[in-house]
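Fold and geometry: a report
Here's the letter readout for the chains.
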Amino acid sequence: LEACRDDHFARSDLYVYHYPAYYPLIDSIKYIDRGAVIFYFHNVTPPNLWGSAFERDTLTKSLVRVTSLAALADLCVTDSEFNADCLVYDHGVDRERIRVLPLAVPLDQFAPGPKNEALLRKHNLHGKRVIEFVGRMAGNKRIDLLIEALPLVRQHVPNVVLLLVGDDSSNPAIAETVSRATARAEELGVTPQVIFTGVVDDQAPYYRLADVYATASLHEGFGVPLIEAMASGVPVVASNATAHPWVLGQAGLLAEPKSTEDLARQIVRILSDDALHGELVQYGLARAREFSLERYENDWGRIVAEATTWLPEQPYPRLQTLEATVKSAANATLKDLRWLDNAADVMQRDYMVRSNAPLVGSLIAWVRRNLTSHLREPYVDPTFERQVAFNREVVRSIHEQNERLATLAKAWQMVEQQREAQRQEVQQIKDQLLVILEELIQLNADNAAAARRLRDLWQRNQAFLSQESQSEASAND
C-alpha cells in the first residue's frame, strides 16, 4: 500500500481504519491523497492497567500514535462518549470531527430464555445463584476484585458462585492475571466457588445461566457484554468507571471503582430484592433495544454519507490543509526559471591562467598551467563536470515541478469556477424555493379566508333555518 502498487486502494473513495491498537498497516493512512478517511477509534487499554510486562510497550506505542493518526483523518468515529472525551482531551481532536457510534448486539441471539440444562450440569450450577462475568481475563478487567467480593456476597447469599466466561490463557499477560486471581481465591477459601470456563463457542446460553452480571473493569471503551447481559434479561452491576455509566444509563447499578465492599453490596441488593431484580431486567431490556443492529447500520450509513459528500463550504481538516496548499500554488506567481539553465554550469570554461607580473608574466602563467594540469585534467575537471550534470538534472526536475504547479493552478481555478457555479445554482434553487414558499403561505392565507367565509355562510344559513323552523312552529300553533 505504501508503494501504491494496489490500484484499488489508491483509487478508493472511502478509507476506514479501525484502531483497537497499533498495527503496521495503519501507517498507510499517511499516503492517502484522495477520498475520505475515517479513523474508527475503539480506545486502547492503558499500560498501567495491563498488569503485565508482556505487550506493555505495544500498548504504550498504540496510545502515543493516536494523536498523529487521528490528525490524518477527516472524521473520527468512536463507540462511546468516554472515547470521544479521550480523543478531545488526551489527543487534541476537534470535537466537531468526532461522531459517536455505539456498538450493536444481535438482539435475536441475546434474549431471555430458559437455562441450558447441559451447561448447568457441566458447571454444577443446580441450586446455585450465579454471578457472571464475560470477557478476556486481562489485567484491566480486575477479576481479582470480583473474587474478593465473592466471600462478602456469600455472607448474605451462601449458595452463590462466580462464573468467569472467556479467554483465560491465550497470552502470558492473561495467564499472569488468572494465576494471581486463582491464588487470591485460594487465600480467601472460595476456590470451589470460582469457575473459569475458558473460551466458549456460544456466549448467549451462558448469559441465561446468570442471576446477575458483574464487572469490576477499570477501563472500557464501550463494554459489549453489558448490552448482551441486559438483552438476555440479566441485571447488571458495573464499576462506575470509563464507559460503563454511559452504556448502562439508568438500567443497572454502579459500584465505586476498586471497592470490593460496594461491589458486593450492589450484587447483594439484586440477589436479595426480587422487585429490584425485576425492575432492572425491564430497564435493561429497554436499554438493550437502543443498541440494535438496525440502529447501528442506519447511523453508520449516515456517517459514511457525510464523509463521502463533498462539502465545499465546510471542507474537512485534512482536505482544508490540501486546499490551502493548492490555493497557495494557484495564487503564487510561477517564476521564470530559465536562468537556472545557465547557472547549472558552474565550470569556468573560458578561464585562462594569467599573470600581471611585468616581463615574466607569460612565463609565470605557462608554469602555473603546467604545474596544475596533472590535477585539473584527471580530477578537478571531471569532478566539476559531474557537478554540472547533477545541477542540470536538478534544474530539469525543478522545471517539471514548476510545470506541474502551473497545471495544478489551472486545475484549481477550474475547481473554483465550478464551485462558484454550484454556489450560484444552489442560490437560485434557494430563491425559487423561497418564492414557492411565499406562494404557499399566500395560498394558505387565501384558503383560511375562504374557510372563514364559508363558516360565516354556514352560520347565517343555520340561523336562517332556525328562524324558518320557529316560524313554522308559530304557524302551526
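Figured I'd write up the structure that's included with this text.

Rules and cut-offs
Residues numbered from 1 in each chain as written. Predicted model: local features only at pLDDT ≥ 70, side-chain atom pairs only at ≥ 80, totals over all residues. Heavy atoms only, no water. Helix = DSSP H or I, 4+ residues; strand = E, 2+ residues; numbered from the N terminus. Buried < 20%, exposed > 50% of the residue type's maximum accessible area, 1.4 Å probe, protein only. Contact = heavy atoms within 4.5 Å. Areas by Shrake-Rupley, 256 points an atom, 1.4 Å probe, with all protein chains shown as cover. Pairing = 2+ DSSP bridges. Axes fitted to C-alpha atoms, helices over the stretch in contact; angles between N-to-C directions. Core = buried A, V, L, I, M, F, W, Y, C linked by side-chain atoms within 4.5 Å. Parallel < 35°, antiparallel > 145°, perpendicular 65-115°, else oblique. Left-handed = near helix turned anticlockwise from the far one by under 90°. Nonpolar A, V, L, I, M, F, W, Y, C, P; charged D, E, K, R; others polar. Salt bridge = Lys/Arg side-chain N within 4 Å of Asp/Glu carboxyl O. Right-handed = clockwise from strand over helix to strand, strands pointing away.

**Notes on the overall build of the protein**
Within the protein, the secondary structure is distributed over 15 helices and ten strands. The burial tally for the protein puts 39% of its 477 residues in the buried class. The contacts in the protein between residues at least 6 apart in sequence include a share of 69% that link residues at least 24 apart. About 27,600 Å² of surface is accessible on the protein, with carbon and sulfur atoms providing 54% of the total.

**Some details on the sheet that holds strand β4 (residues 98–100)**
Spatially, four strands are ordered β1-β2-β3-β4 in an open sheet, and the strand pairing comes out parallel. Of all the strands in the sheet, the pair left with one neighbour each is β1 (14–19) and β4. Neighbouring strand axes in the sheet, compared pairwise and without regard to direction, differ in orientation by 25° on average. Both strand β3 (residues 75–78) and β4 contribute to a ladder of three bridges, which runs parallel. When the bridges of β4 are listed, Cys76 appears paired with Ile98. The sheet strands contacting helix α3 (residues 81–91) are β2 (36–41), β3 and β4, and the helix crosses β4 at an angle near 165°.

**Comments concerning the sheet that holds strand β9 (residues 236–239)**
The strand order β7-β6-β5-β8-β9-β10 describes an open sheet built from six strands, whose pairing is parallel. Because the sheet does not close on itself, it has two edges, and the strands there are β7 (194–198) and β10 (253–255). Pairs of neighbouring strands in the sheet enclose a mean axial angle of 25°, with direction left out of account. Alignment of strand β6 (residues 160–165) against β7, held across four bridges, turns out to be parallel. Bridging across to β7, Leu164 finds its partner in Phe196. Its contacts with the sheet place helix α5 (residues 143–154) against β5 (129–134), β6, β7 and β8 (212–215), and it is angled at close to 165° to β6.

**A closer look at the nonpolar core**
Formed by 95 residues in total, the largest nonpolar core has its most connected members in Tyr19, Phe39, Ile131, Val153, Tyr213 and Ile267. Looking at this core element by element, the count peaks at seven residues for α5. Not counting residues up to four positions away in its chain, the partners in contact with Ile131 are Leu150, Val153, Val160, Val161, Leu162, Leu163, Val212, Ala214 and Ile267. With nine residues, the next largest nonpolar core counts Ile38, Tyr40, Leu75 and Ile303 among its residues.

**Observations regarding the packing of helix α8 (residues 224–231) against helix α11 (residues 274–288)**
Between α8 and α11, whose axes approach to 7 Å, the crossing angle comes to 120°. Comparing their axes, α11 and α8 come out oblique. As α8 packs across α11, the resulting crossing turns out to be left-handed. Contacts between α8 and α11 involve Ile227, Met230 and Ala231 from the former and Gly284, Leu285, Arg287 and Ala288 from the latter. Of the residues that constitute the contact of α8 with α11, the class distribution is five nonpolar, one polar and one charged.

**Some remarks on the pattern of salt bridges**
A complete count under the given rule lists 17 salt bridges for this structure. In this structure, Arg302 and Asp299 form a salt bridge, with 2.1 Å as the shortest nitrogen-oxygen distance. Of this pair, Arg302 and Asp299 both sit in helix α12 (residues 293–308), three residues apart, roughly one helical turn. For Arg302, a relative accessible area of 54% puts it in the exposed group. The network of salt bridges with common partners includes Asp27, Lys30 and Arg65.

**Topic: the pairing of β7**
Looking down a regular strand, the side chains alternate between one sheet face and the other. With four of its five residues buried, β7 lies for the most part within the structure. Each parallel crossover has a hand, and for β6 linked through helix α6 (residues 172–188) to β7 it is right-handed.

**Remarks on the pairing of β3**
Of the two faces of β3, the one lined by Leu75 and Val77 and the one lined by Cys76 and Thr78 are each fully buried. As a crossover connection, the stretch from β2 through helix α2 (residues 56–71) into β3 is right-handed.

**Here's the deal with the side chain of His123**
Along the chain, the position of His123 falls in the loop between α4 (117–122) and β5. Not counting chain neighbours up to four residues away, the residues in contact with His123 comprise Leu163, Ile195, Thr197 and Tyr206.

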